[in-house]
Amino acid sequence: MTIIQDIESVVGEKGLITGKDVFNRKAGIWIDDGIRADAIVRPKDTLELSKVLAICNKNKQAVIPHGGLTGLAEGAITQQGQIAISSERLTAIEEVDEIGRTMTLQAGVPLEKAQEEAEKYNLMLPVDLGARGSCTVGGNISTNAGGNMVIKYGMMRDSVLGLEAVLADGQVMTSMNQMLKNNSGYDLKQLFIGTEGTLGYVTKAVLRLREKPKSTNTALLAIDSFDGVIKFLKFIDKGLGGSLSAYEVMWKNFYELITVTGSNHNPPLPCEHNYYVLIETSGADQEKDTGHFEHLLEQGLSNQIIKDAIIAQSESERSRLWAIRDDVEQHYQEGPVKMFDVSMPISEMENYVQEVNKRFAANWDDYKCVVFGHVGDGNLHVIGGIGSDNLKEIKIMESCIYEPLKPINGAVSAEHGIGLEKKNYLHISRSETEINLMKSLKKALDPNNILNPGKVFD
Ligand SMILES: Cc1cc2nc3c(=O)[nH]c(=O)nc-3n(C[C@H](O)[C@H](O)[C@H](O)COP(=O)(O)OP(=O)(O)OC[C@H]3O[C@@H](n4cnc5c(N)ncnc54)[C@H](O)[C@@H]3O)c2cc1C
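Predicted, not measured: the structure shown is a model, and the values here were computed from it.

Asker: Let's hear about the sheet that holds strand β6 (residues 83–86): which residues, and what values?
Answerer: The four strands lie next to each other as β1-β4-β6-β5, forming an open sheet whose pairing is mixed. The open sheet is flanked by β1 (16–18) and β5 (63–66), the only strands paired with a single partner. Between one strand axis and the next, the sheet turns by 20° as a mean value, whatever way the strands run. Of the strand pairs in this sheet, β5 and β6 are connected by four bridges, and their pairing is parallel. Counted as the bridge partner of I64 is A84 from β6.

Asker: Talk me through the pairing of strand β20 (residues 379–385); I want residue IDs and the actual numbers.
Answerer: Across the seven residues of β20, seven count as buried, placing the element largely inside the fold. Taken together, the six bridges between strand β18 (residues 338–343) and β20 define a ladder with antiparallel strand orientation. Bridged to S343 within β20 is N379. Where strand β19 (residues 368–374) lies against β20, seven bridges are found, and the strand directions are antiparallel. Looking at the pairing, C369 lines up with G384 of β20. Adjacent in sequence and paired antiparallel, β19 and β20 are bridged by four residues, among which G378 carries a positive phi angle near 75°.

Asker: Tell me about the sheet that holds strand β7 (residues 93–97), and please be specific about residues and values.
Answerer: Spatially, five strands are ordered β7-β8-β12-β10-β11 in an open sheet, and the strand pairing comes out antiparallel. Two strands in the sheet have a free side with no partner beyond their single neighbour: β7 and β11 (172–175). Strand-to-strand twist of the sheet, defined as the mean angle between neighbouring strand axes without regard to direction, takes the value 10°. Of the strand pairs in this sheet, strand β10 (residues 160–166) and strand β12 (residues 201–208) are connected by six bridges, and their pairing is antiparallel. Residue pairing across strands places G162 opposite V206, the latter belonging to β12.

Asker: Which residues make up the nonpolar core, and what values go with them?
Answerer: Buried together is how nonpolar side chains tend to be arranged in soluble globular proteins. Counting 52 residues, the largest nonpolar core has F232, I236, Y247, Y352 and L380 as the members making the most contacts within it. Residue contributions to this core peak at six residues, all from helix α7 (residues 226–240). If you count residues domain by domain, this core takes at least three from each of domain 3 (215–328) and domain 4 (335–415 + 426–442). With near-sequence residues (within four places) excluded, I236 lies in contact with L244, Y247, I279, F293, L296 and L297. Formed by 29 residues, the second largest nonpolar core is a distinct cluster that contains A114, L129, M156 and L209.

Asker: I'd like to hear about the side chain of E398, residue by residue, with values.
Answerer: Mapped onto the fold, E398 is located in helix α12 (residues 391–402). Side-chain polar atoms of E398 contact the side chain of Y425, separated by 2.7 Å. The contacts of E398, once residues within four sequence positions are left out, are K338, F340 and Y425.

Asker: An account of unusual backbone geometry is needed here, citing residue identities and associated values.
Answerer: For residues that are not glycine, phi is negative in most cases, and the peptide bond is trans in most cases. With a phi angle near 60°, N122 is a residue other than glycine that sits in the positive phi range. Summarising the element assignment, N122 is placed in the loop between α4 (111–120) and β9 (123–124). Of the residues examined, N122 reaches a relative accessible area of 52% and is grouped as exposed.

Asker: Which residues make up the packing of helix α11 (residues 349–363) against α12, and what values do they have?
Answerer: α12 packs onto α11 with a crossing angle of 155° between their chain directions and a minimal axis gap of 8 Å. As summarised for this structure, α11 and α12 are arranged roughly antiparallel, according to the angle between their axes. In this structure, the crossing between α11 and α12 has a hand that is right-handed. Along the contact surface, α11 presents Y352, V356, R359, F360 and N363, while α12 presents I396, M397, S399, C400 and I401. Looking at the contact of α11 with α12 residue by residue, the classes come out as seven nonpolar, two polar and one charged.

Asker: Residues and numbers for the site of the ligand, please.
Answerer: Near the ligand lie 35 residues; those nearest to it are P65, G67, T70, G71 and T136. N140 is positioned such that a nitrogen or oxygen atom in its side chain is 2.9 Å from an oxygen atom of the ligand. Within the contact set of the ligand, a nitrogen atom lies 2.9 Å away from a backbone nitrogen or oxygen of V202. In the complex, the protein chains occlude 95% of the 970 Å² of accessible area that the ligand would expose alone. Breaking the shell around the ligand down by element, the ones donating at least two residues are β5, α5 (137–143) and β12. Taken together, the residues of the shell around the ligand break down into 13 nonpolar, 20 polar and two charged. Viewed by domain, the shell around the ligand spans two of them, domain 1 (3–88) and domain 2 (93–211), each represented by three or more residues.

Asker: Can you break down the pattern of salt bridges residue by residue, with the values?
Answerer: This structure, assessed with the given rule, holds 27 salt bridges. Through salt bridges with shared partners, one network takes in D128, R132, E248, R325 and D326.

Asker: How would you summarise the environment of V41 if you had to cite specific residues and measurements?
Answerer: Examined against the element boundaries, V41 turns out to sit in strand β4 (residues 39–41). Measuring from C-alpha to C-alpha, the distance between V41 and T18 comes to 8.7 Å, with 23 residues separating the pair along the chain. Contact partners of V41, with chain neighbours within four places excluded, come to I7, V11, G15, L16, V52, I83, A84, I85 and S86.

Asker: Can you explain the domain arrangement of the protein? Please cite residues and give values.
Answerer: Partitioning the protein into domains gives domain 1 (3–88), domain 2 (93–211), domain 3 (215–328) and domain 4 (335–415 + 426–442). Centre-to-centre separation of domain 1 and domain 3, based on C-alpha positions: 43 Å.

Asker: Any details on the packing of aromatic side chains? Residues and values, ideally.
Answerer: Two aromatic rings are characterised by how far apart their centres lie and by the angle between their planes. Inspection of every chain in the model, using the stated rule, returns 11 aromatic pairs. With a centroid separation of 5.6 Å and an interplanar angle of 40°, the aromatic rings of F232 and F235 are classed as tilted. Of this pair, F232 and F235 both sit in helix α7, separated by three residues, roughly a single helical turn. Assessed through its relative accessible area of 0%, F232 is described here as buried. Of the aromatic side chains, those joined through ring pairs into one cluster are F226, W251 and Y275.

Reading the values: the criteria
Residues numbered from 1 in each chain as written. Predicted model: local features only at pLDDT ≥ 70, side-chain atom pairs only at ≥ 80, totals over all residues. Heavy atoms only, no water. Pairing = 2+ DSSP bridges. Helix = DSSP H or I, 4+ residues; strand = E, 2+ residues; numbered from the N terminus. Axes fitted to C-alpha atoms, helices over the stretch in contact; angles between N-to-C directions. Buried < 20%, exposed > 50% of the residue type's maximum accessible area, 1.4 Å probe, protein only. Core = buried A, V, L, I, M, F, W, Y, C linked by side-chain atoms within 4.5 Å. Domains from an automatic or database assignment. Contact = heavy atoms within 4.5 Å. Polar contact = N/O pair within 3.5 Å; in protein donor to acceptor, adjacent residues only side chain to side chain. Parallel < 35°, antiparallel > 145°, perpendicular 65-115°, else oblique. Left-handed = near helix turned anticlockwise from the far one by under 90°. Nonpolar A, V, L, I, M, F, W, Y, C, P; charged D, E, K, R; others polar. Near = heavy atom within 4 Å. Areas by Shrake-Rupley, 256 points an atom, 1.4 Å probe, with all protein chains shown as cover. Salt bridge = Lys/Arg side-chain N within 4 Å of Asp/Glu carboxyl O. Phe/Tyr/Trp six-rings, centres within 6.5 Å; stacked < 30°, edge-to-face > 60°.

Structural data, given as structure tokens:
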């Protein structure tokens with residue numbers, strides 16, 4: 001019997017895709033190529049997955065966990081000879097505990113479905129990102145996704161109370177803790193959060209929900225200096241006393257492409273300023289909170305930090321403002337570009353962007369360096385374009401982005417992960433001792449190196 005036949009005897013015909021049908025599936029949300037793998041396995045539950053992994057481990061068969069394939073670090077890329085294991089049939093939401101404010105669900109549930117389920121109970125899952133409709137909770141856990149509300153609620157890690165994962169040899173580690181406090185020994189779930197499917201396959205989770213805010217205020221601000229951007233962040237965060245839930249910044253060239261050149265959206269504010277800040281608050285009393293929010297914005301306008309502002313007056317206006325920030329795909333229409341995801345102390349951002357531009361200019365006469373990001377979280381996204389997708393040139397562009405991070409203790413990945421894409425740059429943000437410890441963990445949990453081999457490090 002071949003491995004594939006062995007696996008089929010566990011998951012049945014419905015649980016297996018082979019032959020041409022594998023390549024007919026797209027390898028990623030923004031990848032034109034099809035999936036290159038010997039098979040895609042679709043287990044219907046933890047038990048099936050456990051048996052599949054036991055077979056693969058015995059045969060030293062490489063397997064790549066697949067969620068919604070929206071990852072942006074080549075973490076789910078497969079090649080011939082490997083087997084993809086998709087969570088697409090693990091889509092049950094098992095329980096919402098209104099009192100404990102938890103949701104228990106399987107890993108293949110799309111993030112948006114989980115958000116909608118929480119809403120039914122007037123609760124909120126405080127993790128949100130542009131790929132919400134396609135990405136899965138399992139993928140969010142495995143990449144420790146960030147997104148739009150990190151400044152208030154933290155990253156995915158902060159919303160995971162417990163999880164279940166299948167280890168490389170098929171053992172099931174059930175650690176479905178529901179409590180906020182549990183210091184009974186090592187917090188083993190952390191091994192599977194942000195480790196990109198290299199230490200285990202996440203099958204279930206207990207997520208922490210929050211009370212849904214009763215008020216939201218959203219505004220788009222125009223500011224001319226980066227100093228003003230950070231001064232206003234400090235001012236408004238302090239003034240709001242903890243209710244700031246997003247501080248997203250678009251550099252002028254981002255805003256211009258989305259609202260003028262690409263003209264997908266009308267510019268809510270004229271495109272004549274250097275920075276556009278999308279700011280959002282969440283609180284408990286709409287009338288009172290709006291009054292206070294407007295008062296703080298007025299102060300920003302009167303002391304000249306803010307040059308112009310528009311406040312969303314309805315949910316549809318709010319969505320329109322967010323749609324500008326979320327329309328990252330528009331940049332991909334402009335020739336070959338690559339998106340980078342880095343973090344650094346907020347005070348270093350302006351110098352960092354200048355340094356990257358200087359390095360780009362030293363290498364290419366004509367280039368694109370479009371910047372936006374979750375500035376409140378110290379996270380920038382840079383869209384780099386050099387008019388070519390030649391590998392040698394791309395490597396130069398990568399070093400223009402990553403090298404300046406070293407002296408400022410920045411991170412080569414803020415929220416997307418390392419995958420295949422950044423493993424050559426991991427040493428910029430992690431010491432040799434740290435990387436060696438990561439390798440020791442990998443060896444201990446996956447001695448045959450079958451789980452997502454070659455991702456994060458070699
Ligand atoms: C438009 C857009 C906007 C985005 N915005 C953000 C953002 O704001 N913040 C952010 O952090 N990311 C963002 N992303 C990136 C992406 O959506 C996240 O990384 C997301 O968490 C990936 O989830 P997924 O289900 O698509 O995972 P996949 O892409 O399928 O996989 C990602 C990684 O996780 C592993 N994996 C998947 N499922 C499992 C599992 N069950 N067990 C073990 N390993 C698994 C894979 O092997 C791979 O290494 C964005 C992407 C797009 C396309």
